[in-house]
Amino acid sequence: MTAFARRLAGHLARGLVMILIVTTVSFFVIRSVPGDPMAARYEKMVEQGMSPEAAQRAVEVLFGFAPTGSLWQQYVDYMSGLARLDLGQSLTVPGVGVSTVLFSAAKWTILPVLAGTLLSFLIGIVMGVYAAIKRSGKLGDILAISGSLLHGVPQYVLALLLGAVFTTLWPILPQGGTADIMFEPGFNAGYIGSLVEHATLPVLTYALAGYGGWILAMKSSVVTVLGDDFILAAELRGLKRGFIFRYVARNAILPLFTILALSLGMLFGGAIFIERIFNYPGLGLMLIDSITNRDYALMGGAFLLITAAIIVANIAADLFYTVIDPRVRSGEGVA
Amino acid sequence: MKRLAAVVALLGLATVTACSGNTGDKSAAGGGDGGGGLYTTIDAIKPSLDVNGPINPWSPKGNAFWGYNAMRIAWSKNHLTDPNQFYPGIAASWEIAPDNSSITLHLQPNNKWSDGKPVTAEDVKFSIALAYTQGSTAFAIDPGAAGAASEVEVVDDKTVKISQDMKNPSVTFVRGVMDSFIVPQHVWSSVLPADFWDKLKAARGEGADAENARAEITALSEKVLAFAPPKDVSAGPFALERMNPGEALLVKNKNFYNAANVGPDQVKMLNSTGNEQIWNYLIAGKLDSAPFTAVPADVMKRISSTPGNAVVKGFSPVSLGLAFNQAKKPYDNVHVRRGLAYLINREEVTTIASPEGGTPAVTTTGIHQKPAAEWLGAELGELEPYKLDPAKAEEEFKKAGLKKEGGKWTLPDGTPWKFTINVPTPFSDWVSGAKAVTSQLTAAGVDAEVLTVADYPLYLKEIAEGKYDVGFWLVALGPAPYNIYQRLYGASNGWAILGGKVKHSAPGKNGNWMGGPETIEVDGAKVNPGELTAKLNSASEDEQKTIVGQLAKAANQDLPVVQLWDYVNTQFVNTNHFTGFPENDSDLLRQPAGVWIQLGMVKKK
């Protein structure tokens, strides 16, 4: 077994243990959430004009899917289902598997999160290099201030601001949804354009929210590298500034890759606020809906998916670092 | 760097293209052929769309939109006092036996499913079988349940007769029948076994065979609930073409019996997860119609200023009450409840909490003021109005033994009295209303506060567990008088109908959180309001009137709740593209826009 494979196996084993722990904890936490979904459904039906008896019978039928037995028995059933990759049935969409609901929502979170994060990463690191090199000039100051400002503003505030500007004050972007239903789904310009149009605000929010962190981290990293001896040696050898830039950027960017992978995982948590504000139907919105309806199976599945995303991102970050940093490959390690 | 610049440029180009996407290549979606336009709305019943939901009217998240692609036998007018008034649906006309023992339905003669097959009496009978698995009021398998249909007879291809089990009749039997959804047998046939009606017959008996039959029918309920037809086959004015997580598109069903008068060719349903989104759609003028949404005054101004927007108002059979837990002191004392009622200025509370969607309750009877006038007539004026009167409040508090020390009311033993109202946080009008009430009470010397609860499911659980002293509670859920009074004298207050008999549970047991006494004194006579309420289910119209009068008086004297405001059905329409919307006070405001459209009212401009 190669060192890389050993490392991967170790990570996977640790990841599985972590998923097991988190799944167990979330199972019991979710079921300790107070609130009676049957009562809420009953009230809604009565408010809609259904007679009390009919509403009572309807919720009994609907929640016939509800887990029964002791909490321990439910846990055993849940875990054995999980071992068979069966996450159970949604309570609020009878007959539909949790995995179906999750995967149909996940794509609307993964794509914008990826796009927004990569966009902020690319712009942030480029601007970070400039901010470091021009740190004594006005451009450096402006870039640094823009980074500090955006880094300090919470994601949901940015989302609210962007929403207010682009959907209310200057309404050029849609207020919710994934695409205009009037376009036939498929590989056609209208539909793809509509997808991009609807994703613009969430992506822009992720991008702006991440940009501040990247520019500040990259600037700091570049400034550190600029002080390294190998840069001085390179300058003394008379290398051109362009080459120095490449050396500096390559070395400075290494620690940021780890943060990039981690931030991708963490952004799934942030999606809850963004998707709520933009009515963008991804995992975050689905999670809110499942909590409101006390759909335990769906809540459990969503938490599991988010946990798995963070753990996989951790493993990917570590492995990626192994690939890109020769010192890690050779066993020197990096702090 | 060059590659990076290219990527950025491409992304920018894509965004620009997308931003001008409204002029892109939108496909003509199915059935539109007459330029009838696109009608955009939000479904009041299912504001949150679910792309995974089946096209199944019994599924709570199903993509069967009432009045559009999901059809009932008929559509209730929700008349103030008569639950047996309807607009036609699958049935064109009907005859109700004078004693409510049967109803004969005559189906629309020319109606067809969207796939071209005719809508028949067999479809109706099959759909009723499906309804039995869900146990709707009119079609319950439990032999003891109120108002069960005993027989369903196909008279001919377009006529069905449904008889009521007169051993245990219900005045809401007809309404229960008419509220049934009708689905195509040729699509749903696999869901029920061929011997369903034999099973049902067996289930109505007694013994082990009946038990087994009931269990089999109950098991079928899950199957029915989860059934997902691959394609929408509708007998309504529209059929579902496609949907995504944010929107659904329905196209005209050319086979619908009244298709020639259906205005729009297409209907777009928008998803919404909160009131703010509906406000924004309305401000942007994007909705041809929208259901009632709690709207603050400033937002209402902005909505009204959008060209084409108009507000239509009508009766909504719902009121809001400040409900007491009478198992807790000092709320077990009627004088405390009355004293509090005299300290609350309902006009002010309504103005603060629900200026657009409510009117102050004229008094507190458990009935919305509009049907109250119909049910009670002149008696309404004789009831105590509980107008703001601090002197009377003081008198009542003193009768209850409360003491006033240093300008503050204390309990009879001199200990401090903390008046706490609990409300769920997401209900912004309730929170505002509760704050207005506590401000008024605090000014009058009652140490009052508002506590909010994270969400409605939690609120309902905690209120049912008797954790709150005082909470907000929806009452007057008409139009059937039993439905109105079960909110005050039903399960929440200890009364339940089991096997056709009324039983009372002690406070804190079986969901009895209101904790009122089993009998109360009204005009010097003892009455059991729970038994009276149960009688409303089977009483004749005249008897109902008498009982409603007694219950209104009981509620007015005993105050299990202080009725704060009566909701107003406030809806929004936009006349830029369509006209012919229902006017103020129309019965149709209590039905989805799909029903207006199928009746031929809404026309393209």
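In the annotation of an unreviewed UniProt entry, the entry for chain B reads Peptide/nickel transport system substrate-binding protein, and the organism field reads Streptosporangium album.

In the nomenclature of an unreviewed UniProt entry, chain A is known as Peptide/nickel transport system permease protein of Streptosporangium album. One UniProt comment on chain A, placed under Sequence similarities (unreviewed entry), says "Belongs to the binding-protein-dependent transport system permease family."

Engineer: Got a minute to help me understand the confidence of the model for chain A in this structure?
Structural biologist: Note that predicted coordinates carrying low pLDDT should not be read in detail. When pLDDT is averaged along chain A, the result is 83, and 92% of the positions lie at 70 or above. Summarising per-element confidence for chain A, the mean pLDDT is lowest in helix α13 (residues 326-329) of chain A (64) and highest in helix α8 (residues 189-226) of chain A (91).

Engineer: Mind showing me how you'd approach the UniProt feature "transmembrane region" (unreviewed entry) in chain A here?
Structural biologist: Residues and elements named next belong to chain A. Here, UniProt's "transmembrane region" (unreviewed entry) annotation points to residues 12-30, 110-133, 153-173, 253-278 and 298-321. Overall, residues 12-30 shows 100% helix and 0% strand. The separation of its end C-alpha atoms is 26 Å. Along residues 153-173 one finds 71% helix and 0% strand; the C-alpha atoms at either end are 22 Å apart.

Engineer: In this structure, what is going on with the interface of chain A and chain B? I would like to understand it.
Structural biologist: A common measure of how large an interface is: the accessible area buried when the components associate. The partner chain B presents 69 residues to the 62 residues of chain A that form the contact. Interface area for chain A against chain B, summed over the two sides, is near 5,500 Å², with a carbon-plus-sulfur share of 58%. It is A:Gln175, A:Ile181 and A:Met182 in chain A that bury the most area against chain B; as a group they hold 14% of the surface buried on that side. Counting across the chain A and chain B interface gives five salt bridges. We note a salt bridge from B:Asp455 to A:Arg294, for which the minimum N-O separation is 2.8 Å. At the boundary of chain A with chain B, the tally comes to 14 residue pairs in polar contact (both at pLDDT 80 or more). Among the secondary structure elements, those contributing two or more residues to the side of chain A that touches chain B are α2 (37-47), α3 (52-62), α5 (98-133), α8 and α11 (283-292) of chain A. If you tally residues by element for the side of chain A that touches chain B, the top one is α2(A), at eight residues. Of the residues belonging to the side of chain A that touches chain B, the class tally is 29 nonpolar, 20 polar and 13 charged.

Engineer: Honestly, the packing of helix α2 (residues 121-134) of chain B against helix α5 (residues 196-203) of chain B in this entry has me stumped. Any pointers?
Structural biologist: The relative placement of two packed helices is expressed as an angle between their axes plus a distance between the axes. All names here are of chain B. The interhelical angle for the contact between α2 and α5, taken along N-to-C directions, is 45°, at an axis separation of 11 Å. In terms of their interaxial angle, α2 and α5 are classed as oblique. In this structure, the crossing between α2 and α5 has a hand that is left-handed. Listed contacts from α5 to Lys125, Ile128, Ala129, Tyr132 and Thr133 of α2 are Phe196, Trp197 and Leu200. Broken down by class, the residue content of the contact of α2 with α5 amounts to six nonpolar, one polar and one charged.

Engineer: Explain the domain arrangement of chain B to me, please; I cannot follow it from the model alone.
Structural biologist: Residue and element names in this part refer to chain B. Segmenting chain B into domains produces domain 1 (71-191), domain 2 (238-308 + 575-604) and domain 3 (316-567). The C-alpha-based centres of domain 1 and domain 3 are spaced at 36 Å. Taken together, the eleven residues of domain 1 in the interface contact 13 residues of domain 3. Counting the surface lost from both domain 1 and domain 3, the interface buries some 990 Å², and carbon and sulfur atoms represent 66% of this. When the buried area of domain 1 at its contact with domain 3 is split by residue, Leu80, Thr81 and Val171 rank highest and sum to 54% of it. Run the count over domain 1 and domain 3 and you get zero salt bridges. Remark: the boundary between domain 1 and domain 3 carries zero residue pairs in polar contact (both at pLDDT 80 or more). For the side of domain 1 that touches domain 3, a count of residues per class yields four nonpolar, six polar and one charged.

Quick notes on the rules
- Residues numbered from 1 in each chain as written.
- Chains lettered and ligands numbered in written order.
- Predicted model: local features only at pLDDT ≥ 70, side-chain atom pairs only at ≥ 80, totals over all residues.
- Heavy atoms only, no water.
- UniProt positions renumbered as here; feature names shortened; annotations may be inferred.
- pLDDT = per-residue confidence, 0-100.
- Helix = DSSP H or I, 4+ residues; strand = E, 2+ residues; numbered from the N terminus.
- Contact = heavy atoms within 4.5 Å.
- Buried area = accessible area lost by both parts, 1.4 Å probe.
- Salt bridge = Lys/Arg side-chain N within 4 Å of Asp/Glu carboxyl O.
- Polar contact = N/O pair within 3.5 Å; in protein donor to acceptor, adjacent residues only side chain to side chain.
- Nonpolar A, V, L, I, M, F, W, Y, C, P; charged D, E, K, R; others polar.
- Axes fitted to C-alpha atoms, helices over the stretch in contact; angles between N-to-C directions.
- Parallel < 35°, antiparallel > 145°, perpendicular 65-115°, else oblique.
- Left-handed = near helix turned anticlockwise from the far one by under 90°.
- Domains from an automatic or database assignment.

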